[in-house]
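Structural characterization, general
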Amino acid sequence: MESLRELYKVGNGPSSSHTMGPQKAAQIFYKKHSDANRFVVELYGALALTGKGHLTDWAVKKELGPLKTTVLYLPKINYDYHPNGMKFIAYDQANCLIGEWLVFSVGGGDLKNLDEPRSEPNLCYSLDKMQAILAYTEKKKISLLEYIIEAEGEEIKNFAEEIVSTMFKAVEQGLSVSGILPGPLMIKRRAQNIYEQYKKSFDFNTLVFAAALAVSEENAAGGEVVTAPTCGSSGVMPGVLYVYHHIKKYPLRIISEAVLVGGLIGNLVKHNASISGAEVGCQGEVGTACAMSAAAAAYINGGTNQQIEYAAEIALEHHLGMTCDPVLGYVQIPCIERNALSARRAIDSATFALLTDGKHYISLDDCILSLKETGKDLHPHYRETSLGGLAKRKLTYNND
Ligand code: SF4
């Protein structure tokens with residue numbers, strides 16, 4: 001598995017696979033062909049179907065030049081490799097083809113070429129299954145955090161502190177604004193109002209909801225967030241961590257250690273299954289975010305390695321099969337509310353695991369395998385294409 005630096009990325013929403021990934025690809029292509037006279041970007045499969053709502057066209061045009069770039073939506077072109085394919089094409093003054101690049105945005109802002117193996121090499125972590133990690137840490141009598149530091153080096157702690165700081169900035173930015181989110185759905189921001197209610201009640205759950213909503217609303221508005229593991233699911237972990245710091249008064253040191261422990265879970269899903277909604281549905285995005293956050297919460301509350309693994313497994317198990325069906329292709333309905341609910345579920349999963357000795361019947365590794373298989377079996381309508389499920393329904397309420 002790769003470093004956690006490749007999992008937690010700072011960038012602008014609303015989507016790591018549809019915005020950050022294509023934007024990064026456009027930057028790379030532009031560097032090679034900065035002298036091109038014009039560009040064509042072909043978006044395939046799920047990228048074509050939900051690219052508009054996820055601002056894919058805006059992201060690539062920003063890098064290649066809005067006046068020089070034509071974006072074509074070709075949903076019928078699909079590659080088995082991954083549903084988020086795109087081709088960048090460059091032409092010179094004489095309209096001759098000077099370069100083209102077929103590339104895939106595979107989730108979490110990562111890019112892959114058609115011939116690249118899907119799972120990354122074990123660059124940083126030599127063990128890529130939780131059972132093997134648990135056996136290793138048991139033998140060496142070390143915590144999961146110590147295992148992570150052994151693999152990544154001490155500097156990873158500084159990285160985690162920066163990640164927490166960016167997450168909390170997104171919470172505070174999201175709590176400070178009200179109004180309507182961009183896009184045709186005209187969704188009202190609700191984080192600030194719920195935060196006002198928290199200031200009267202000081203209720204733990206109210207702040208969990210407010211903080212998670214704040215980040216998800218920021219993401220929907222194109223604000224700066226941390227992929228945890230994706231932009232669409234970026235509200236879950238800050239929602240959990242913010243309350244443990246602000247209400248339970250856990251120091252930032254413990255909070256950033258929890259980010260590392262949660263990151264290990266995200267890395268396992270990314271390596272052994274997928275964190276891409278277009279590939280496996282929302283179980284891979286918000287489901288993984290919930291598992292990461294449950295592990296983080298279990299760590300903060302003093303869980304053993306086994307209890308942390310169980311907390312993550314509970315959270316993931318009860319998101320299996322969750323579809324991705326964003327209304328009109330915007331990362332708003334059901335995404336924003338789902339982040340808030342899953343933040344609460346992460347805390348419940350940790351609480352449940354900590355009431356046990358951590359022994360349980362389905363391992364996290366098997367749960368991740370089930371996620372992968374379930375994702376494959378999901379009809380494409382439920383994998384970020386906005387062709388089925390909630391995406392087919394009419395809104396029953398508007399703000400007018
Ligand atoms: S439903 Fe889930 S996976 Fe799909 S866009 Fe929303 S957050 Fe992402």
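Cut-off values and rules
Residues numbered from 1 in each chain as written. Predicted model: local features only at pLDDT ≥ 70, side-chain atom pairs only at ≥ 80, totals over all residues. Heavy atoms only, no water. Axes fitted to C-alpha atoms, helices over the stretch in contact; angles between N-to-C directions. Helix = DSSP H or I, 4+ residues; strand = E, 2+ residues; numbered from the N terminus. Parallel < 35°, antiparallel > 145°, perpendicular 65-115°, else oblique. Contact = heavy atoms within 4.5 Å. Nonpolar A, V, L, I, M, F, W, Y, C, P; charged D, E, K, R; others polar. Near = heavy atom within 4 Å. Domains from an automatic or database assignment. Buried area = accessible area lost by both parts, 1.4 Å probe. Salt bridge = Lys/Arg side-chain N within 4 Å of Asp/Glu carboxyl O. Polar contact = N/O pair within 3.5 Å; in protein donor to acceptor, adjacent residues only side chain to side chain. Expected span 1.5 Å × (residues − 1). Buried < 20%, exposed > 50% of the residue type's maximum accessible area, 1.4 Å probe, protein only. Core = buried A, V, L, I, M, F, W, Y, C linked by side-chain atoms within 4.5 Å. Pairing = 2+ DSSP bridges. Phe/Tyr/Trp six-rings, centres within 6.5 Å; stacked < 30°, edge-to-face > 60°. Lys NZ or Arg CZ within 6 Å of the ring centre and 35° of its normal.

Running from N to C, helix α5 (residues 144–152) and helix α10 (residues 252–272) cross one another at 80°; their axes reach a closest spacing of 9 Å. One way to sum up the angle between α5 and α10 is to call them roughly perpendicular. Where α5 abuts α10, its residues L144, L145, Y147 and I148 lie against E257, L260, V261 and L264. Residues of the contact of α5 with α10, tallied by class, amount to 7 nonpolar, no polar and 1 charged.

Right, let's talk about the site of the ligand for a bit. Neighbouring the ligand are the residues G232, C282, E285, C324, C335 and R338. When the residues that make up the shell around the ligand are grouped by side-chain class, the tally is 3 nonpolar, 1 polar and 2 charged.

Once that is clear, we can look at the domain arrangement of the chain. Domain annotation of the chain identifies domain 1 (15–112) and domain 2 (130–392). Averaged C-alpha coordinates put domain 1 and domain 2 at centres separated by 28 Å. A buried area of about 1300 Å², summed over both sides, lies between domain 1 and domain 2, and 60% of it is on carbon and sulfur atoms. The tally of links from domain 1 across to domain 2 stands at 1 salt bridge. The residue K270 makes a salt bridge to D110 at a minimum N-O spacing of 2.7 Å. Between domain 1 and domain 2 we count 6 residue pairs in polar contact (both at pLDDT 80 or more) in total. Elements with a minimum of two residues in the side of domain 1 that touches domain 2: α1 (16–32), α2 (45–50) and β5 (97–107). By residue number, the principal contributor to the side of domain 1 that touches domain 2 is α1, which donates 4 residues. When its residues are assigned to classes, the side of domain 1 that touches domain 2 shows 6 nonpolar, 11 polar and 1 charged.

We now examine α10. With 21 residues, α10 extends 30 Å between its outermost C-alpha atoms, agreeing within 8% with the 30 Å of an ideal straight helix rising 1.5 Å per residue. For α10, the tally of buried residues reaches 19 of 21 residues, placing the bulk of the element in the interior.

Residues Y8, M167, M237 and L241 are the most contacted members of the largest nonpolar core, which totals 100 residues. Counting residues per element, this core draws most heavily on helix α12 (residues 286–300), which supplies 12 residues. Contact partners of Y8, with chain neighbours within four places excluded, come to F159, I163, M167, V226, T227, A228, M237, V259, G262, G263 and M292. Counting 18 residues, the second-largest nonpolar core is a separate cluster that includes V41, V60, L64 and M86.

Below, the discussion takes up the pattern of salt bridges. Enumeration over the complete set of coordinates arrives at 13 salt bridges. Here K270 and E2 are joined by a salt bridge, their closest N and O atoms 3.9 Å apart. Taken as a pair, K270 in helix α10 and E2 in the segment before β1 (10–12) lie far apart in primary sequence, 268 residues in all. Residue class for K270 comes out buried when judged on its relative accessible area of 11%.

Of all 11 residues in β5, 8 are buried; the element is thus mostly enclosed. Looking at chain direction, strand β4 (residues 85–91) and β5 are connected through 7 bridges and run antiparallel. Across the sheet, residue A90 finds its bridge partner in β5, namely G99. The hairpin turn running from β4 into β5, its antiparallel successor, is 5 residues long, and N95 in that turn takes a positive phi close to 65°. Bridge count for β5 against strand β6 (residues 110–112) is 3 bridges, and the pairing is antiparallel. Across the sheet, G107 pairs through a bridge with D110, a residue of β6. As consecutive antiparallel partners, β5 and β6 are separated by 2 residues, and within that stretch G108 has a phi angle of approximately 65°, a positive value.

Tallied over the entire structure, the rule returns 15 aromatic pairs. Seen in terms of ring centroids, Y44 and Y79 are 5.9 Å apart; in terms of plane orientation they differ by 35°. Their pairing is tilted. Here Y44 is found in strand β2 (residues 38–44), whereas its partner Y79 is found in the loop between β3 (69–74) and β4, with 35 residues between them in sequence. Take Y44: its relative accessible area is 3%, and that puts it in the buried class. Taken together, F29, Y30, F39, F88 and W101 form an aromatic cluster joined through their ring pairs. Directly above the aromatic system of Y91 lies the positively charged group of R38, at a separation of 4.1 Å from the ring centroid.

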